[in-house]
Amino acid sequence: MRNITIICVLIALVLYSAYVTGQHRCLSQKELYERAKRYTPDLDRKIALQKAREREAELDGQSQRTTTTKKVNVVVHVIYKTAAENISLAQIESQITALNKDFSATNADISNVPSAFSGLIGNPNFVFELKGVTRKSTTKSSFTISDDDEKALKLSMFGGTDAWPPDRYLNIWVCNISGPTLGYAYGSAAAGEWYDGVVISYKAFGTMGTVTSPNHLGRTATHEIGHYFDLNHIWGDDEDETNKCSRSDGISDTPNQSVATYGCPSFPLYDACTPSGNGVMFMNYMDYVDDNCMHMFTAGQVTVMRNTYNNHRPNLGANVTSLVSSTSQDHLFVYPNPFNEQIIIEGNWTTVEPYTFKLVNQLGVVVYSSTENMSEYLNKTINLSHLQSGIYYLIIENSIETYTKKLVKK
Ligand SMILES: [Zn+2]
């Protein structure tokens, strides 16, 4: 009961601070840690093992100072009720483009970093590749930040879309988040768990379509993916403590800062923790300023992110087939094509409705039909050895989704 009370107070505090300060970019890492512990009771043991692995890597001299490019496979799960919430592929791709600029320090506005801080700019050298898009209609008008609503987003048994294997994909769920929250993300303590990944409002995802100013440049995802790679808020999440300078973000090259910065202040900005000199680094992606006001990660932050990639998320760049085509929203993969004896259909079955599989020839005659319930990652093999050579159309549909593929029988 005591725990529940504390959590409620925490959530109330988070909500209160959000409402009094306007748009709230995400949740405190404290709150997310508590939540992850509810989902994963032995979380502390997992974190201890991760820390041991980090120390071992350090002792082995596998320092992460290399500048090689790190690839990140991305799957975006669109959970929508209204047509607007079902954002376009172009909007999703605009977010990937923005991430690739921000995570290679090639964003055009990096020149706005004051010269006092420009020497601290770091380049993560991450490349994001969109490998899948899933779409699922929901009966929920919006999602709160409660445990139940997170399950309704991320678990198919509660109406959401299950993560693609979280060791090989950065899973991003895009939905209508209620209240002022723009998104939230778990650090590597959640690596591999069903809830691992990032949640972002459809109003703050990408740089076109449904995004609204001042969250229109894709920086919510930049910020949340910073958390996903274990960055803290630049002020250290100590805003609830008496001494707001007591905790730092654990990064040596970011100035100590008391609370989040909102809007778009001008440089220099002083606060109780850094009252002189260059002031606080409000233009950092891990602060809360407007999208057009944040421009950089530091070298220290880059070291943390690349360490996390190497030690805790090393398979994010695994070779996986892209299930995204520029003309459709498919997330199913059919092979071989052309085929001889049989075809195999694999991918992510995003709804619990039964699927009907139909193969139609060029005359429109149905030559194969079956209806089945598909569970996650289940492959379906169809034997078509009896068919004549020629062109066929595979139609996979249920009450929610329809897919069509052109196939050639040898
Ligand atoms: Zn945050």
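Note that the structure is a prediction, hence the values are computed from the model and not measured.

1. Observations concerning the overall build of the protein chain
From N to C terminus, the protein chain includes eight helices and 12 strands. Within the protein chain, the proportion of its 410 residues that are buried is 40%. Of all intrachain contacts in the protein chain linking residues separated by at least 6 positions in sequence, the fraction that spans at least 24 positions is 70%.

2. What to know about the nonpolar core
Within the largest apolar cluster, 78 residues are counted, with the highest numbers of intra-cluster contacts made by Val74, Val76, Val174, Cys175 and Ile200. The biggest single contributor to this core is strand E1 (residues 70–80), with six residues. Counting 10 residues, the second largest nonpolar core, distinct from the first, contains Leu332, Val334, Ile345 and Tyr392.

3. Structural notes on the sheet that holds E1
If you trace the five strands from one edge of the open sheet to the other, you get E2-E1-E3-E5-E4, paired in mixed fashion. Two strands lie at the open edges of the sheet, namely strand E2 (126–137) and strand E4 (183–185), each paired on one side alone. The average undirected angle you get between the axes of adjacent strands in this sheet is 20°. By the bridge criterion, five bridges tie E1 to strand E3 (residues 170–175) in an arrangement that is parallel. Residue pairing for E3: Val78 is matched across the bridge by Val174.

4. Some words on the packing of helix H4 (residues 89–102) against helix H7 (residues 219–228)
Relative to each other, H4 and H7 sit at 60°, their axes nearing to 9 Å. When the interaxial angle is binned, H4 and H7 end up oblique. Here the hand of the crossing between H4 and H7 comes out right-handed. Note on element contacts: H7 touches H4 through Ala221, Thr222 and Ile225, opposite Gln95, Leu99 and Asp102. For the contact of H4 with H7, a count of residues per class yields three nonpolar, two polar and one charged.

5. Points about H7
In terms of burial, H7 is largely enclosed, as 10 of its 10 residues are buried. Buried residues of H7: Arg219, Thr220, Ala221, Thr222, His223, Glu224, Ile225, Gly226, His227 and Tyr228, and no others. The inward-facing, buried residues of H7 contact helix H2 (29–39), H4, E3, E4 and strand E5 (198–201). Immediately downstream of H7, the backbone of Asp230 shows phi near 75°, a positive value.

6. Side note on H4
An ideal rise of 1.5 Å per residue puts 20 Å on 14 residues; H4 measures up with 20 Å between its terminal C-alpha atoms. For H4, the full list of buried residues reads Gln91, Ile92, Ser94, Gln95, Ile96, Ala98, Leu99 and Asp102. As for H4, its buried residues are in contact with E1, E2 and H7.

7. Some thoughts on unusual backbone geometry
Following Ser213, the chain continues into Pro214 via a peptide bond in cis, with omega recorded as 10°. Tracing the chain through its elements places Pro214 in the loop between E5 and H7. Of the consecutive residues Asn337 and Pro338, the connecting peptide bond is found in the cis state with omega at 5°. The residue Pro338 is located in the loop between strand E6 (332–335) and strand E7 (342–347) in this model. Phi angles above zero are rare outside glycine, and Asp230 is one such case at about 75°. Checked against the element boundaries, Asp230 lands in the loop between H7 and helix H8 (299–312). The exposure class of Asp230 is buried, given the 22 C-beta atoms found within 10 Å.

Definitions and limits used
Residues numbered from 1 in each chain as written. Predicted model: local features only at pLDDT ≥ 70, side-chain atom pairs only at ≥ 80, totals over all residues. Helix = DSSP H or I, 4+ residues; strand = E, 2+ residues; numbered from the N terminus. Buried ≥ 20, exposed ≤ 12 C-beta atoms within 10 Å, placed from the backbone. Contact = placed C-beta atoms within 7 Å. Core = buried A, V, L, I, M, F, W, Y, C linked by C-beta atoms within 7 Å. Pairing = 2+ DSSP bridges. Axes fitted to C-alpha atoms, helices over the stretch in contact; angles between N-to-C directions. Parallel < 35°, antiparallel > 145°, perpendicular 65-115°, else oblique. Left-handed = near helix turned anticlockwise from the far one by under 90°. Nonpolar A, V, L, I, M, F, W, Y, C, P; charged D, E, K, R; others polar. Expected span 1.5 Å × (residues − 1).

Take it as geometry only, folks, not as evidence of what the structure does.
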